[in-house]
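Structure at a glance
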Amino acid sequence: MDEDEQHGDGDIGSIMGFSGFGKKARTFDLEAIFEQTRRTAIERSQRILEERQKGSQMEEEGESSKSVKPSALSQEDKAAVRNRQSDSSSDSDSELVGPPVPPQHAAQEDKDELIGPPLPPGYRDSTANSDDDDEAETKDDDDSDDDDDDDEDDDVLKKIPDTHEIILQHGTRTVSALGLDPSGARLVTGGYDYDVRFWDFAGMDQALQAFRTLQPCECHQIKSLQYSITGDVLLVVSGNAQAKVLDRDGFNVMECVKGDQYIVDMANTKGHTAMLNGGCWHPKIKEEFMTCSFDGTVRTWDVNSEKKHKSVFKPRSQQGKKVVPMCCAYSRDGKLIAAGCQDGTIQIWDRNMSVHTKFHCRQAHTPGSDTSCLCFSYDGVTLASRGGDDTLKVWDIRNFRKPVNEANRLTNNFSMTDCCFSPDDRLVVTGTSVKKEEGNGKLVFFDRASFQKVYEIEVTNASVVRCLWHPKLNQIMVGTGNGLAKVYYDPVKSHRGAKLCVVKSQRKEKHAETLTQDYIITPHALPMFREARQRSTRKQLEKDRLDPKKSHKPEPPVSGPGRGGRVAAHGGTLSSFIVKNIALDKTDDSNAREAILRHAKEASENPYWIAPAYKQTQPDPVFAEDSEEDEEADKEPEWKKRKI
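Residues numbered from 1 in each chain as written. Predicted model: local features only at pLDDT ≥ 70, side-chain atom pairs only at ≥ 80, totals over all residues. Heavy atoms only, no water.

1. With respect to the layout of surface pockets
The line we're drawing: Buriedness of a pocket was judged along seven lines, with at least five required to meet protein on both sides within 12 Å; pockets are open sets of points on a 1 Å grid over the protein atoms alone, cavities are sets where a 1.4 Å probe fits but cannot get out, and lining residues have an atom within 4 Å of a point. Grid points are joined across faces, edges and corners, and a volume is the space filled by probe spheres set on the points. Each helix is a run of DSSP H or I of at least 4 residues and each strand a run of E of at least 2, with the numbering of both proceeding from the N terminus. Ten residues, namely Ala, Val, Leu, Ile, Met, Phe, Trp, Tyr, Cys and Pro, are considered nonpolar, four, namely Asp, Glu, Lys and Arg, are considered charged, and the remaining ones, Gly among them, are considered polar.
If you add up the space inside the largest pocket, you get close to 1,300 Å³. For the largest pocket, the lining is made up of 48 residues, of which Gln 226, Cys 280, Arg 332, Cys 375 and Leu 468 are closest to its centre. Elements that contribute at least two residues to the lining of the largest pocket include exactly strand 2 (175–180), strand 6 (222–227), strand 10 (276–281), strand 14 (325–330), strand 18 (373–376), strand 22 (419–421) and strand 26 (464–470). In terms of residue class, the lining of the largest pocket is built from 29 nonpolar, twelve polar and seven charged.

2. A word on the sheet that holds strand 17 (residues 359–361)
Backbone hydrogen bonds are what pair the strands of a sheet, in a parallel or an antiparallel way. Here is the rule we go by: Strands are treated as partners if at least two bridges between them are detected by DSSP. For every element, the axis is a line fit to its C-alpha atoms; helices are fit only across the contacting stretch, and the angle between N-to-C directions ranges from 0 to 180 degrees.
Taken in spatial order, the four strands make up an open sheet running 14-15-16-17, and their pairing is antiparallel. At either margin of the open sheet sits one strand with a lone partner, and together these are strand 14 and strand 17. Strand-to-strand twist across the sheet, computed as the mean angle between neighbouring axes with direction ignored, equals 15°. Bridge analysis of strand 15 (residues 336–341) against strand 16 (residues 346–350) gives five bridges, and the strand direction is antiparallel. The residue of strand 16 that forms the bridge with Ala 339 is Gln 347.

3. A look at the pairing of strand 2
The condition that has to hold: Three labels apply to residues, based on accessible area from a 1.4 Å probe with only protein chains included: buried if under 20% of the type maximum, exposed if over 50%, partly exposed otherwise in between.
Most of strand 2 is tucked away, with six of its six residues classed as buried. Strand direction decides the pairing type here: strand 2 and strand 3 (residues 186–191), joined by five bridges, are antiparallel. Across the sheet, the residue bridging to Leu 178 is Thr 189, located in strand 3. Linking strand 2 back to strand 3 in an antiparallel pair, the connection comprises five residues, with Gly 184 at a positive phi of about 80°.

4. Description of the confidence of the model for the protein
Condition: A score from 0 to 100, pLDDT tells how confident the predictor is in each residue. In this description, contact between two residues means that some pair of their heavy atoms is separated by no more than 4.5 Å.
For the protein, the average pLDDT comes to 77, and 73% of its residues sit at 70 or higher. Segment residues 103–114: pLDDT under 50, and seven contacts once partners within four positions in sequence are set aside and those in other chains are kept. Predicted confidence is poor over residues 122–134, with pLDDT under 50, and the contacts of this stretch with residues over four places away or in other chains come to six contacts.

Next comes the structure, spelled out in structure tokens:
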């Protein structure tokens, strides 16, 4: 039986190509191997430590007598090492496996717990001194870094990103609205030319062209544009009474309903009845937004219910009369609603209580001037207001009677001039207006604490209307009165945004010649079936240019009286042309006989209608001559004439 098994194993081994097939695998005792390795490492460590200790003793004997009992100390050290080694053999967690730790690594351990044999006194002192020096140097470096950070924190001018700029050409008229989504990927601009342009920083190149242009509100100026907190929808406030909500690509999501303008109480209407002045999104609730209008109300809306507003806030003057809110804003937590009114007041309500104001300042700005902007600080305590009386004021809403600080002589010619806070809440920014060709519009920076003007940027030779400082990008967007949207950034302190598009080279346009019509090329066709080779449209246009009929210059419009079948601009309709000809016709058709005989000579010479048909058979007409009786009858008075 064994012989058969061995023979079978030999056959299998010859088939598989290796010998020893069928033998049992060798078994290893891993615990025994680990124990043997541990003991070998301990013995090796003990031997190395003893050699190092002997060398240190020899050095101590050769040095000056600083230590009184080196041998006793060495014996104690040996005993300590042996005790530690015995402890390490008993306790597996604290055992020393492998070669000893180098002294520089041992020095980095905790000073209170000394592992291993004691180092020589001289070596110990030098190491301690070097460690102290290193710690001192690192501490000095940390202090210097902290000082630099403190200096940078103290110098607010270093935080203004104005080293570089890009210019986005919106149009030729005033850029009256700016909006940037929370992520900073897309910028949207609106202006007096009714256009809304979408700019994608990641998709633009150095040509800086908008990827979409539309007119969502037809022939109404754009007053305000703002993305929601999620960035998926855009609020468009224009000069009509209905605000619109668009998605990121410009398609309509909802349109607010228009109210009944014949109802006196504006709280009983479903929507605004007059032109809108401004609007903004709720900072916490993504479906809620707010608008203010010339009908004297501030209304909150829900995107999901466009048929009716959510709540109505009605500003009132000191006499209880209706006043017009020119701008509105939410607080940073969304619990307060503020409105700047045309009578110079600033009124603040609790969002859940729409009847009585929570804070009210009667003489915030000059009555009759349009308060163009209200902006809450990031801490939610301070309110900045930009007035139409050329002032910028900062208020503490806990003490709302007097402004904390005020800046004058800041010209404001627009009803939507912006003001905003820097991302660190230490600066207040606003723009100034200028008349045409009378200077440059400026972006002015004020320190929030002292309210001193710390910096200004001359933007362009037109008014600065809109300004926006994005906290994530750390870039400043500015809308001007000559149709420009400028983006200021710093390559080091700013992130993404304008930095993404300035590094992309401009794409080269490919001038592809389009053919007038498609044709099929058949190489082996007979000449009689071959089609004439098609030419490009460019050559055809050059040929048409040489043709005097096709390249005939259009006739200019008629400026004077109409001629040649063309009617002048002032008589553009058929009725006016007929009336003009009737007035110019001086012929008298009161005598019918004379009116007919006036055409007798022309009819006899050039017969056209009836005479040619009877040319051969028609007798010569004989007309009766006037008789004396007829003349006498004509001379008779009217009452004697015969009535027919």
